[in-house]
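Analysis of the macromolecular model
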Amino acid sequence: TLPNETELNRLKQIFKENQGEDKAVILDKELNEIKKVSIKSLVSSVKKLDEIYALSIDGTVTTPILEAAESAKCQLIIAKNFSTTETKIKLISP
């Protein structure tokens, strides 16, 4: 499902707040922060969680990040760059 306008605006706001930090924000269905982690530890952090709704990434989304996100049932990823777009996850550029 596509994010509605409210969700999209909230995601963009979260993304903007974290720009320049080289961090990823893991979000639940209400777009509340579950955890903020470094890009380096994102894959291992996501693998420890059963279910996440969205990711806001201040960096490039790589294949390992996408694979971890898919296994955690992630629905949305907002990021500046995507090294691959081979996924069912909805990818958003701010």
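Scroll up for the structure.
What counts and what doesn't
Residues numbered from 1 in each chain as written. Predicted model: local features only at pLDDT ≥ 70, side-chain atom pairs only at ≥ 80, totals over all residues. Heavy atoms only, no water. Core = buried A, V, L, I, M, F, W, Y, C linked by side-chain atoms within 4.5 Å. Buried < 20%, exposed > 50% of the residue type's maximum accessible area, 1.4 Å probe, protein only. Helix = DSSP H or I, 4+ residues; strand = E, 2+ residues; numbered from the N terminus. Lys, Arg positive; Asp, Glu negative; His and termini not counted. Salt bridge = Lys/Arg side-chain N within 4 Å of Asp/Glu carboxyl O. Polar contact = N/O pair within 3.5 Å; in protein donor to acceptor, adjacent residues only side chain to side chain. Contact = heavy atoms within 4.5 Å. Arc of directions from axis to C-beta.

Quick look at the nonpolar core
Counting residues in hydrophobic clusters, the biggest one holds 18 residues, and the most contacted among them are Leu42, Val46, Leu55, Ile57 and Ile77. Of all elements in the fold, only strand E1 (23-27), helix H2 (42-48), strand E3 (54-61), helix H3 (63-71) and strand E4 (76-82) reach the threshold of two or more residues within this core. Here this core gets four residues from one element, more than from any other, and that element is H3. With eleven residues, the next largest nonpolar core counts Leu11, Phe15, Ala54 and Leu76 among its residues.

Focus: the side chain of Glu7
Within the element layout of this structure, Glu7 appears in helix H1 (residues 5-17). Despite being buried, Glu7 has no salt bridge partner; Lys29 is the closest side chain of opposite charge, sitting 7.0 Å away. Engagement of the side chain of Glu7 in a polar contact is seen with the side chain of Tyr53, the distance being 3.1 Å.

Observations concerning unusual backbone geometry
Peptide bonds are trans in most cases, and residues, glycine excluded, mostly fall at negative phi. Phi is positive for Asp22, close to 50°, though the residue is something other than glycine. Take Asp22: it is sitting in the loop between H1 and E1. Since its relative accessible area comes to 53%, Asp22 is described here as exposed. The backbone of Leu31 sits at a positive phi, close to 60°, despite the residue not being glycine.

Brief notes about the environment of Ser45
Here Ser45 lies in helix H2. Sequence separation between Ser45 and Lys35 is ten residues, and the spatial gap between their C-alpha atoms is 8.8 Å. Other than its neighbours up to four places away in sequence, Ser45 contacts Ile26, Lys35 and Val37.

Remarks on H3
Along an α-helix, residues three or four apart share an orientation, since each turn contains 3.6 residues. Buried within H3 we find Ile65, Leu66, Ala68 and Ala69. The arc enclosing the buried residues of H3, seen along the axis, measures out at 165°, which places them on a common side. Those residues of H3 that are exposed and angled more than 90 degrees off the buried face are Glu67 and Ser71. Lining the buried residues of H3 we find H2, E3, E4 and strand E5 (90-92). Positioned one or two residues after H3, Lys73 has a phi angle of 60°, which is positive.

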